[in-house]
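Chain by chain, the residues:
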Amino acid sequence: MPGSERHGKVWHQAPFWFTGNFVLPTMVTGFVGPAMGLSVGFSVLAIVVGVLFGTFFMAFHANQGPRMGLPQMIQSRAQFGSRGAVVPFAATVFVYVGFLVFDTILATQGIQLVLSGGKLFWYPVLIVLAIVIAVVGHDLLHFIQRWLTYLLILVFAIVTIVAVVHFATVPMVEAAAAATSGWNWTAFLVQFSLAAGYNISYAVYVSDYTRYLPAKSSAPKLITAVYLGAGVSAIWLMSLGSLLASYIPNADPITSLQQIGDLLVPGFGTFAVLVSVVALVSIMGVNAYGAMLTGTSAVDGFREVRPTVRLRVIGLAIVGLVCLAIALVIPDDYLASFNNFVLLMLYFLVPWTAVNLVDFYLVRHGKYAIAEIVKPGGLYGRWAWRGVTAYFIGFAAMIPFFSTSFYVGPVAELLGGADISFIFGLVVSGGLYLLFCRNLNRSAEATAEAKSNQELEGVAHP
């Protein structure tokens with residue numbers, strides 16, 4: 001993206017990602033530890049450590065946006081090739097669609113507290129609204145997220161205080177029931193993995209919303225802004241979820257939030273839910289836009305695609321129809337489906353984030369021939385064996401450690417169901433890619449980089 005089109009302030013990224021992560025699915029992630037017998041204290045500890053770990057990778061992707069001026073996943077062509085990138089692209093579309101589905105379900109449940117209408121009415125209405133937000137684009141999203149932050153902080157600060165005070169004074173019978181939970185190694189690792197995987201999932205579209213910043217934006221300030229925004233909101237909401245799930249049997253995010261809010265003033269719980277619905281709808285726009293952009297980029301690797309408003313609308317419509325179909329078949333008790341979804345995100349994205357970050361920070365040091373990346377048959381090729389091989393070997397190394405409701409790997413079984421797959425995915429994929437790039441000849445790339453910079457700034461014309 002030419003420098004003349006860059007705009008925005010680095011600090012705006014903090015409220016943007018705070019609000020983007022301050023949604024009900026984030027709170028649901030915190031339900032898992034208590035549901036598996038982990039105490040509130042240990043659940044919160046697993047959440048804090050997991051979020052701090054997962055957000056590290058997400059935040060460091062943010063620096064790629066201003067430096068390269070490209071959407072996050074397009075950058076993957078430098079490591080995987082224009083066609084090889086379809087591998088991480090497919091994983092990314094899975095993430096976008098999955099979040100859009102669960103956001104739609106939760107937003108509908110929230111709206112149904114005050115308005116009539118079933119799934120067949122509200123699901124399409126919400127998805128269409130998300131598409132409209134995605135069509136209007138970047139600036140509207142930033143505006144909504146920035147101002148919604150203040151309201152969300154106020155509302156959830158009140159809800160959190162009420163919950164802490166209330167549960168500190170609940171009858172002894174309820175307190176004793178919650179106290180029966182304690183340490184559980186398997187539950188701790190599952191809660192850790194879910195918290196980490198949840199925030200790592202945001203890595204796939206960080207640069208989509210940082211690429212508009214000036215190219216010389218401070219890397220430390222940008223990384224810190226994104227880290228704080230996404231990290232603080234995740235720790236807060238997930239911890240609140242753990243607290244609610246520890247004391248409320250069969251906790252549900254909508255009814256639990258309403259129940260606690262109404263302890264302050266009747267109706268405040270409903271208001272808190274509706275504010276959360278607005279936040280959900282705004283982030284649905286982000287997910288719809290990301291799915292369309294990534295899907296279009298995948299197609300472009302095989303057949304050139306010209307970006308137009310018509311194409312954007314068609315792409316968003318396809319995404320919306322797919323999400324609607326999936327949302328309609330998800331079981332009403334969707335917590336198990338959501339947990340599996342978050343773990344699958346972790347499995348698919350860990351090898352990609354390892355390869356992508358190693359390439360940017362350790363191999364190419366942020367220097368790319370940008371014009372060649374966007375060309376399907378450019379300098380970086382159609383199939384870049386280094387990235388593709390490192391990804392698949394890293395993914396394969398994780399399989400014995402997988403632990404989901406439908407598959408438990410042999411090593412995970414020996415560990416009692418504990419999931420430490422992410423460690424092997426990061427080390428194997430990142431380490432192999434660095435090893436494969438030892439003899440990478442970058443002389444031709446350096447020449448192309450200089451020419452690319454001239455082309456992008458309009459000094460030279462192809």
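Residues numbered from 1 in each chain as written. Predicted model: local features only at pLDDT ≥ 70, side-chain atom pairs only at ≥ 80, totals over all residues. Heavy atoms only, no water.

J.: I tried to follow the overall build of the protein on my own but got confused; where do I start?
T.: Counting its secondary structure elements, the protein contains 21 helices and zero strands. Whereas a compact globule of 462 residues would reach a radius of gyration of roughly 23 Å, the protein reaches 22 Å, a difference of no more than 12%. For the protein, the C-alpha atoms occupy an extent of roughly 75 × 50 × 40 Å along the three principal directions. When the 462 residues of the protein are sorted by exposure, 58% land in the buried category. Long-range pairs, those at least 24 residues apart, make up 87% of the contacts in the protein between residues at least 6 apart in sequence. (Helix = DSSP H or I, 4+ residues; strand = E, 2+ residues; numbered from the N terminus. Rg over C-alpha atoms; globule rule 2.2 N^0.38 Å. Buried < 20%, exposed > 50% of the residue type's maximum accessible area, 1.4 Å probe, protein only. Contact = heavy atoms within 4.5 Å.)

J.: Honestly, the side chain of N287 in this entry has me stumped. Any pointers?
T.: With respect to the element layout, N287 can be found in helix α14 (residues 268–300). Of the polar contacts made by the side chain of N287, one reaches the side chain of Y205; its length is 3.2 Å. Apart from residues lying up to four places away in sequence, N287 is in contact with Y96, F99, L100, D103 and Y205. (Polar contact = N/O pair within 3.5 Å; in protein donor to acceptor, adjacent residues only side chain to side chain.)

J.: I would appreciate a short explanation of the environment of S207 in the present structure.
T.: Within the secondary structure, S207 is located in the loop between α11 (185–200) and α12 (219–247). Sequence separation between S207 and A59 is 148 residues, and the spatial gap between their C-alpha atoms is 9.7 Å. Not counting the four nearest positions on each side in its chain, S207 is found in contact with H61, A62, Q64, G65, L70, P71, Q72 and Q75. At a separation of 3.1 Å, a polar atom in the side chain of S207 contacts the main-chain amide nitrogen of G65.

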